[in-house]
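# Structural features, examined
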Amino acid sequence: MELSDMAEEILETMWVHTVEEEKGHMELSVARGEPAIDELLKADYIKLAGEKLAFTEKGRGEGRAIVRRHRLAERLFTDILDIKKNLVHPVSCRFEHLLHEGIEENICILLGHPRTCPHGRAIPEGECCRKSREVIDKIISPLDKLKANQKGRVAYIHTKDPKRLQKLMAMGVLPGMTITLIQRFPSYVFQIGQSQFAVDKDLAEAIFIRLA
Amino acid sequence: MHEERCNISYDILEISLEKIEALLKGDYGISKRAIGLLLLQGDEKVASLVESREGESYGGIKEVLKEARAHYHEPLSYIIALRRQEEVNRIVGGALVHQPKSDLPFRERISRIMINPITGLPILLLILYYGLYKFVGEFGAGTVVDFIETDIFEKNINPWITRIFSAIVPWELLKGLFVGEYGVITLGIRYAVALILPIVTTFFIAFAIIEDTGYLPRLALLIDRVFKKIGLTGRAVIPMVLGLGCDTMATMVTRTLPTKRERIIATILLALAIPCSAQLGVILSLLEGNFWGLLVWGGAVALVFLLIGFLSSMILPGDAPSFYMEIPPIRMPKLSNVLVKTYTRVQWYFTEVFPMFILASVLIWLGQLSGLFSMMVKLLEHPIRWMGLPNEASVAFLFGFFRRDYGAAGLYDIKKAGLLSGNQLVIACVVLTLFLPCIAQFLMNVKERGWKTGAAISAFILFFSFSVGLVVNLMFNVLGVRL
């Protein structure tokens, strides 16, 4: 069932309010008496909790999808169509309702799976984004996901713990070095340069490898 | 674009270095650039040194450091390491050509077999069997001890010394100090030279050979997952294996462990559940031919090791440690290395331990003289009896206060006299293995861990080892085990 533009606007506002900004259920106040509320209630997208509006499971998903379409539209207008920033929001507000699955995915791919809208807010991830990430994952992978005897170059080190970084540096694990995983169990053993080292999982998963 | 960015970052490091060099006024014995690099890399010792020497101008240096740090996402130490690596690659790249070998070298193939858990475990068992059981246990503690003990001491030295002392020392009391039942020469020196020396020496030979091949880091990576459960990492396997030779020396080696938490856990486990070679040798010969007894003893001690390790890792605060270790290539052990290592260790052991044996003999003699000794033996008889052991064993346990192996050696004499049943022997061996560390180790615990921790560890062990003895005896009785 197609929702009216107004109903989509309400779902979008609700999603930003309750899910993204985590402010809890939204007050009914402004939208009281709006026919779109009845429409959403009937379609089982929302429910009333006293004076407040709450998502159903279905409505939450729909809200997310609408926000995604809106922000993708914004990106499309700024990045490709070069529309002035202050005009982006109003135009894309109308455009988003036309963007439905299929077209949405094409645009997402066209834009290179953007993570944020021009205003810096996160664009909810779509199926196509997940797939593209998996492809990248096949190129760059943490050391602990490599198979024995797989080889590659260190792409980067990702750890929040400076001590861990220090240890890896002491072993000469630095971007650009060729690394071969020799064994996975019971410890990760790898060859780097002329040396072999054994590390545990914590250290192995901090080393990211660009596979050869 | 990448090139350009690199050049800019290079400049920021270089500019910061120049600024720091200009600000440094003091003399450090090394170049100002080196000091600057250490400061940039966040070396705390150098930072406090520079702060104390530069006084006023240190504020300016700090400003430069702050600016330089703000330029990068990653810590400066990492940026500098990258820069060094680039330089190394540049130099090496122009001078070296790698020819990839299609075949793994022989030593690498041996290494792979050792680190694969399926083949590695049987190899570990083989090394334990031949290195520890056959060489240290049967050869060291059996053949060599028998020869020195029986042929040299009992047949020659003891009667000869006793004769001499009887002739020149008229007072019975003073004679007892040297050649009596617990005399300095007939007991102290005999134990040290005839029992302990061969065992420790053979162990250190075996250890030096294993160490020289590069096997230990491979054992460390095999055992890391198990050691993580007891709050340690594979790295701790080196002090633990060394502890099978001498716990005192191993306690000193726990310094190589990176965190205080690991050092405390390792110290507890060494003091409690790792029998030193002297104990091991005596225990192996005590339980010789008693396969099930040996199994129960080994099982009980291993269980205590894991249980106490697990509990202390739960109780002691601190993060779980992470494991990393370089795996050196497998090498044929070099005879000269093995000899030098064995010699220095035996020498250390002897200078550390020999006086302790003499001291123990003197203390026992004094204790006997004053009646304190027999009082303590009487006192000890109660817990000893609760564990189902004969009264005579309390003497061995009292010896154990001075040295655990001394106590074990005391049991050896009781067994020879046929006073111990199989069950009793196993219980005594378990308790003596867990028992209070020898005086030397107690002192080392205090020195390395501080008074409070050292004393607490000892008190816990005294209580705990007797409790385990009671439990094992109870289980033997309930289950009707006859060993």
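Residues numbered from 1 in each chain as written. Chains lettered and ligands numbered in written order. Predicted model: local features only at pLDDT ≥ 70, side-chain atom pairs only at ≥ 80, totals over all residues. Heavy atoms only, no water.

### Observations regarding the overall build of chain A
Here is the rule we go by: Put simply, DSSP marks the helices as runs of H or I at least four residues long and the strands as runs of E at least two long, and each gets a number from the N terminus on. Note that the radius of gyration is over C-alpha atoms, with the globule rule given as 2.2 Å times the number of residues to the power 0.38. Buried residues are those whose accessible area, probed at 1.4 Å on protein chains only, stays under 20% of the maximum for their type, while exposed residues exceed 50% and partly exposed ones sit between those limits. Contacts between residues were defined by any pair of non-hydrogen atoms, one from each residue, lying within 4.5 Å. Computed with the Shrake-Rupley method and a 1.4 Å probe, the accessible areas treat only the protein chains shown as cover for residues.
Broken down by element type, chain A carries eight helices and nine strands. A compact globule built from 212 residues should have a C-alpha radius of gyration of about 17 Å, whereas chain A, at 24 Å, is more than 25% larger. With the C-alpha coordinates aligned to their principal axes, the bounding extent of chain A is approximately 75 × 40 × 30 Å. The proportion of buried residues among the 212 residues of chain A is 46%. In chain A, of all internal contacts separated by at least 6 residues, the share reaching a separation of at least 24 is 62%. Accessible surface, chain A as shown: approximately 11,500 Å² in total, 54% of it carbon and sulfur.

### Points about the sheet that holds strand E8 (residues 195–199) of chain A
Our working definition: Two strands are counted as paired when DSSP detects at least two bridges linking them. Axis definition: a line fitted to C-alpha atoms, over the contacting stretch in the case of helices. Angles run 0 to 180 degrees between N-to-C directions.
The seven strands are arranged E4(A)-E9(A)-E5(A)-E6(A)-E7(A)-E8(A)-E1(B) in an open sheet whose pairing can be described as antiparallel. Taken across any chain shown, the strands that pair with only one partner, and hence form the sheet edges, are strand E4 (140–142) of chain A together with strand E1 (324–327) of chain B. Sheet twist, expressed as the average angle between the axes of neighbouring strands with direction ignored, equals 40°. Sheet topology places strand E7 (residues 188–192) of chain A next to E8 of chain A; five bridges connect them, and they run antiparallel. Paired with Ile-192 of chain A across the two strands is Ser-195 of chain A, which belongs to E8 of chain A. Relative to the sheet, helix H10 (residues 215–229) of chain B contacts strand E6 (178–183), E7 and E8 of chain A together with E1 of chain B, its axis offset from that of E1 of chain B by approximately 150°.

### Re a nonpolar patch on the surface
Residues and elements named next belong to chain B. To keep it simple, the criterion reads: Two joining distances apply to patches: 9 Å for like charges and 5 Å for nonpolar side chains (Val, Leu, Ile, Met, Phe, Trp, Tyr), and every residue must have over 30% relative accessible area and no salt bridge. Salt bridge, as applied in this entry: a Lys or Arg side-chain nitrogen positioned within 4 Å of an Asp or Glu carboxyl oxygen.
On the surface, a nonpolar cluster with roughly 760 Å² of combined accessible area is contributed by Trp-386, Leu-470, Val-471, Leu-474, Met-475, Val-478 and Leu-479. In terms of residue count, the dominant contributor to the nonpolar patch is helix H22 (residues 451–479) (six residues). Along the polypeptide, Leu-474 turns up in helix H22.

### So, the sheet that holds strand E1 (residues 26–27) of chain A
Residue and element names in this part refer to chain A. Taken in spatial order, the three strands line up as E1-E3-E2 in an open sheet, and their pairing is antiparallel. Across the chains shown, the open sheet's two edge strands, defined by having one partner strand only, are E1 and strand E2 (46–49). Two elements, E1 and strand E3 (residues 52–55), share two bridges in a ladder whose sense is antiparallel. Within E3, the position partnered with Met-26 by the bridge is Leu-53. Against the sheet, helix H2 (residues 35–42) touches E2 and E3, its axis set at about 110° to E2.

### Some points on helix H17 (residues 372–386) of chain B
All names here are of chain B. The condition that has to hold: Expected helix span is given by 1.5 Å per residue-to-residue step, counting one fewer step than there are residues. Consider a residue and the seven residues that end there alongside the seven that start there; fitting an axis to each set, the bend is the angle between those axes.
The end-to-end C-alpha distance of H17, which contains 15 residues, comes to 22 Å, matching closely the 21 Å that a straight helix rising 1.5 Å per residue would cover. At Leu-380, H17 shows its largest kink, close to 30°, and the proline Pro-383 lies no more than four residues downstream. With its phi angle positive at about 80°, Gly-388 sits one or two positions after the end of H17.

### Details of the domain arrangement of chain B
How we decide: An automatic or database domain assignment supplies the residue ranges for each domain.
Considered domain by domain, chain B is made up of domain 1 (2–95) and domain 2 (117–479). Taking the mean C-alpha position of each, domain 1 of chain B and domain 2 of chain B sit 51 Å from one another.

### Remarks on the confidence of the model for chain A
Applied cut-off: Every residue gets a pLDDT, meaning the predictor's confidence in that residue, from 0 to 100.
Per-residue confidence for chain A gives a mean pLDDT of 84; residues scoring 70 or more make up 93%. Least confident of the elements in chain A is helix H4 (residues 85–95) of chain A, whose mean pLDDT is 68; most confident is E8 of chain A, at 96.

### As for the environment of Gly-183 of chain B
Residue and element names in this part refer to chain B. Within the element layout of this structure, Gly-183 appears in the loop between helix H8 (172–179) and helix H9 (184–213). For the pair formed by Gly-183 and Leu-432, sequence separation is 249 residues and the distance between their alpha carbons is 23 Å. Once you skip the residues sitting within four places of it in the chain, Gly-183 turns out to touch Gly-176, Leu-177, Phe-178, Gly-188 and Ser-361.

### A look at unusual backbone geometry
Residues and elements named next belong to chain A. Of the consecutive residues Phe-185 and Pro-186, the connecting peptide bond is found in the cis state with omega at 0°. Tracing the backbone shows Pro-186 in the loop between E6 and E7. Its identity is not glycine, yet Asp-44 carries a phi of approximately 65°, on the positive side. Position of Asp-44 relative to the elements: it lies in the loop between H2 and E2.

### Focus on the domain arrangement of chain A
According to the domain assignment, chain A contains domain 1 (1–125) and domain 2 (139–211). Measuring from the centre of the C-alpha atoms in domain 1 of chain A to the corresponding centre in domain 2 of chain A gives 42 Å.

### Quick notes on the packing of aromatic side chains
Residue and element names in this part refer to chain B. The criterion, for reference: Two aromatic rings, drawn from Phe, Tyr or Trp (for Trp, its six-membered ring), form a pair once their centres lie within 6.5 Å of each other, and the interplanar angle then sorts them: stacked below 30 degrees, edge-to-face above 60, tilted otherwise.
This model, assessed by the stated rule, comprises 17 aromatic pairs over all chains. Ring centres of Tyr-129 and Tyr-130 lie 5.1 Å apart, and the angle between their planes is 85°; on these two criteria the pair is classed as edge-to-face. Aromatic pair Phe-460 and Phe-464: ring centres 5.3 Å apart, planes at 25°, arrangement stacked. Highlighted residues: Phe-460 and Phe-464, both in helix H22, separated by four residues, approximately one helical turn. By relative accessible area, which is 32% here, Phe-460 ends up partly exposed. One aromatic cluster is present, built from ring pairs that chain together Phe-203, Phe-204, Phe-207 and Tyr-349.

### Some words on the side chain of Thr-254 of chain B
Residues and elements named next belong to chain B. Going by this rule: N or O atoms within 3.5 Å of each other form a polar contact, as long as, within protein, one can give a hydrogen and the other can take it, and as long as residues adjacent in sequence are counted only when both atoms are side-chain atoms.
For Thr-254, the location among the structural elements is in the loop between helix H12 (247–253) and helix H13 (260–273). Relative accessible area serves as the criterion here: at 0%, Thr-254 is assigned to the buried category. At a separation of 2.5 Å, a polar atom in the side chain of Thr-254 contacts the main-chain carbonyl oxygen of Thr-251. Not counting residues up to four positions away in its chain, the partners in contact with Thr-254 are Pro-239, Arg-263, Ala-266, Thr-267, Leu-270 and Arg-449.

### Quick notes on the pairing of E6 of chain A
Residues and elements named next belong to chain A. Most of E6 sits inside the fold, with five of its six residues counted as buried. Looking at chain direction, strand E5 (residues 151–157) and E6 are connected through three bridges and run antiparallel. Its bridge partner being in E6, Lys-151 is matched across the sheet by Thr-180. Relative to E7, E6 runs antiparallel, the two sharing four bridges. Across the sheet, the residue bridging to Thr-180 is Gln-191, located in E7. Two successive antiparallel strands, E6 and E7, enclose a turn made up of four residues.

### Focus: the pairing of E3 of chain A
Residue and element names in this part refer to chain A. The pairing of E2 with E3 spans four bridges and is antiparallel. Bridge pairing links Leu-48 to Leu-53 in E3. Adjacent in sequence and paired antiparallel, E2 and E3 are bridged by two residues, among which Gly-50 carries a positive phi angle near 65°.

### Digging into the nonpolar core
Using the following cut-off: Each nonpolar core is a collection of buried residues, namely Ala, Val, Leu, Ile, Met, Phe, Trp, Tyr and Cys, held together in the definition by side-chain atoms within 4.5 Å.
One finds Phe-204, Leu-232, Met-240, Trp-297 and Phe-397 of chain B to be the most contacted residues of the largest nonpolar core, which totals 110 residues. Sorting elements by how many residues they give to this core places H9 of chain B first, with eleven residues. In contact with Leu-232 of chain B, not counting residues within four places along its chain, are Phe-227, Met-240, Glu-262, Ile-265, Ala-266, Leu-269 and Pro-321 of chain B. If you look at the next biggest cluster of nonpolar residues, it comprises 25 residues, including Leu-143, Val-154 and Phe-197 of chain A together with Tyr-78 of chain B.

### Description of the interface of chain A and chain B
Quite often, the size of an interface is put as the accessible area lost when its parts meet. To keep it simple, the criterion reads: When residue character is reported, Ala, Val, Leu, Ile, Met, Phe, Trp, Tyr, Cys and Pro are called nonpolar, Asp, Glu, Lys and Arg charged, and the others, Gly included, polar.
Between chain A and chain B, the contact holds 26 residues from the first and 26 residues from the second. Our count for the contact surface shared by chain A and chain B stands at one salt bridge. Between Lys-228 of chain B and Asp-200 of chain A there is a salt bridge whose closest N-O contact spans 2.6 Å. For the pair chain A and chain B, the interface holds nine residue pairs in polar contact (both at pLDDT 80 or more). Per-element tally for the side of chain A that touches chain B: the top contributor is E8 of chain A, with five residues. Grouping the constituent residues of the side of chain A that touches chain B by class yields 16 nonpolar, seven polar and three charged.

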